[in-house]
Amino acid sequence: MFAAKKREATMSACDEEPCKSLIDDYWDKTFTAQDAELVLRLHCDVWKAARHDYWILFSLWLAVAASAMACAALHLPPIACAALTVTSFLLLLSLFVWGIRIVRLRRLVRVYEAICRRHYSEMLSIRRAIAVKCPRECQPQAVKIECGC
């Protein structure tokens, strides 16, 4: 009987202000931070895939550029050397464009990292407020958010 009264007392303490609004705010910030983490993960994956594709394109350019130089050194037909030289130039141009894309993606990832860290810090500050203002039984479960690639 004593345990039931104590449980009712703690449940009512959790349902009263300021605990109720702080706990609601905590869960709202937790869901927002988890959404930000998900968006960050997606953009990190795109950025990593773009970097991987860049190195593949770079390797292809090296092979074509080396073939164009070997073509000129071996005095092969001029049309073959010209085709390799044009292909090498186009690959170099696409490397430049792809490099710009990677830089822009990295900037976007940094923005999403900052957004994720901001939501996570707001979530932690509300959790600290709950620890100060509410009984121990009212404290929600801790949630870990990763805000980095």
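Scroll up to find the structure this text is about.
First, a word on what this report is: a plain description of the structure on this page. Given the structure is predicted, the values throughout are model-derived calculations rather than measurements.

Re the overall build of the protein
If you tally the helices and strands in the protein, you get 3 helices and 0 strands. Of the regular secondary structure in the protein, the N- to C-terminal order runs α-α-α. Scaling as 2.2 N^0.38, a compact globule of 149 residues should have a C-alpha radius of gyration of about 15 Å, whereas the protein reaches 29 Å, well beyond that. Taken along its principal axes, the extent of the C-alpha atoms in the protein is 100 × 25 × 15 Å.

Observations regarding the state of the cysteines
Tallying each qualifying case throughout the model produces 5 disulfides. Covalent S-S linkage joins cysteine 44 and cysteine 149, the inter-sulfur distance amounting to 1.8 Å. Between cysteine 44 and cysteine 149, the S-S dihedral sits near -90°, and the bridge is therefore left-handed. A residue pair is termed long-range when its members are at least 10 positions apart, and cysteine 44 in helix α2 (residues 19-73) and cysteine 149 in the segment after α3 (78-133) qualify at 105 residues.

Side note on unusual backbone geometry
Of note, the bond from glutamate 17 into proline 18 is cis; its omega dihedral lies within 30 degrees of zero at 0°. Position of proline 18 relative to the elements: it lies in the loop between α1 (2-15) and α2. Here histidine 75, not a glycine, exhibits a phi torsion of approximately 55°, which is positive. Take histidine 75: it is sitting in the loop between α2 and α3.

What about the pattern of salt bridges?
Throughout the structure, instances matching the rule amount to 2 salt bridges. The closest approach of N and O atoms between lysine 20 and aspartate 24, which form a salt bridge, is 3.9 Å. With lysine 20 and aspartate 24 both in helix α2, this residue pair falls 4 residues apart, about one helical turn. Residue classification places lysine 20 among the partly exposed positions, given a relative accessible area of 38%. The partner of glutamate 122 in a salt bridge is lysine 29, and the shortest N-O contact between them spans 2.8 Å. Highlighted residues: glutamate 122 in helix α3 and lysine 29 in helix α2, separated in sequence by 93 residues. Under the relative-accessibility criterion, lysine 29 is labelled partly exposed at 26%.

What about the environment of leucine 60?
Among the secondary structure elements, leucine 60 is positioned in helix α2. It is 47 Å that separates the C-alpha atoms of leucine 60 and glutamate 122, two residues lying 62 residues apart in sequence.

Side note on a nonpolar patch on the surface
Side chains of Val86, Phe89, Leu90, Leu93, Phe96, Val97 and Ile100 sit close together on the surface and give an oily, nonpolar patch of about 690 Å² of accessible area. Tracing the backbone shows valine 97 in helix α3.

Some points on the nonpolar core
Formed by 24 residues in total, the largest nonpolar core has its most connected members in Tyr26, Cys116, Met123, Ile130, Cys134 and Ile145. Counting residues per element, the ones that place at least two in this core are α2 and α3. If you tally residues by element for this core, the top one is α2, at 10 residues. Leaving out residues up to four positions away in the same chain, isoleucine 130 has contacts with Leu22, Ile23, Tyr26, Cys138, Gln139 and Pro140. One finds Leu57, Val64, Ala65 and Leu95 within the second-largest nonpolar core, a separate group that totals 6 residues.

Focus: the side chain of serine 88
The topology assignment puts serine 88 in helix α3. When near neighbours in sequence (up to four residues on either side) are disregarded, serine 88 contacts Trp61, Val64 and Ala65.

So, how was this worked out
- Residues numbered from 1 in each chain as written.
- Predicted model: local features only at pLDDT ≥ 70, side-chain atom pairs only at ≥ 80, totals over all residues.
- Heavy atoms only, no water.
- Helix = DSSP H or I, 4+ residues; strand = E, 2+ residues; numbered from the N terminus.
- Rg over C-alpha atoms; globule rule 2.2 N^0.38 Å.
- Disulfide = S-S within 2.5 Å.
- Salt bridge = Lys/Arg side-chain N within 4 Å of Asp/Glu carboxyl O.
- Buried < 20%, exposed > 50% of the residue type's maximum accessible area, 1.4 Å probe, protein only.
- Patch = residues over 30% accessible without salt bridge, like charges linked within 9 Å, V, L, I, M, F, W, Y side chains within 5 Å.
- Areas by Shrake-Rupley, 256 points an atom, 1.4 Å probe, with all protein chains shown as cover.
- Core = buried A, V, L, I, M, F, W, Y, C linked by side-chain atoms within 4.5 Å.
- Contact = heavy atoms within 4.5 Å.

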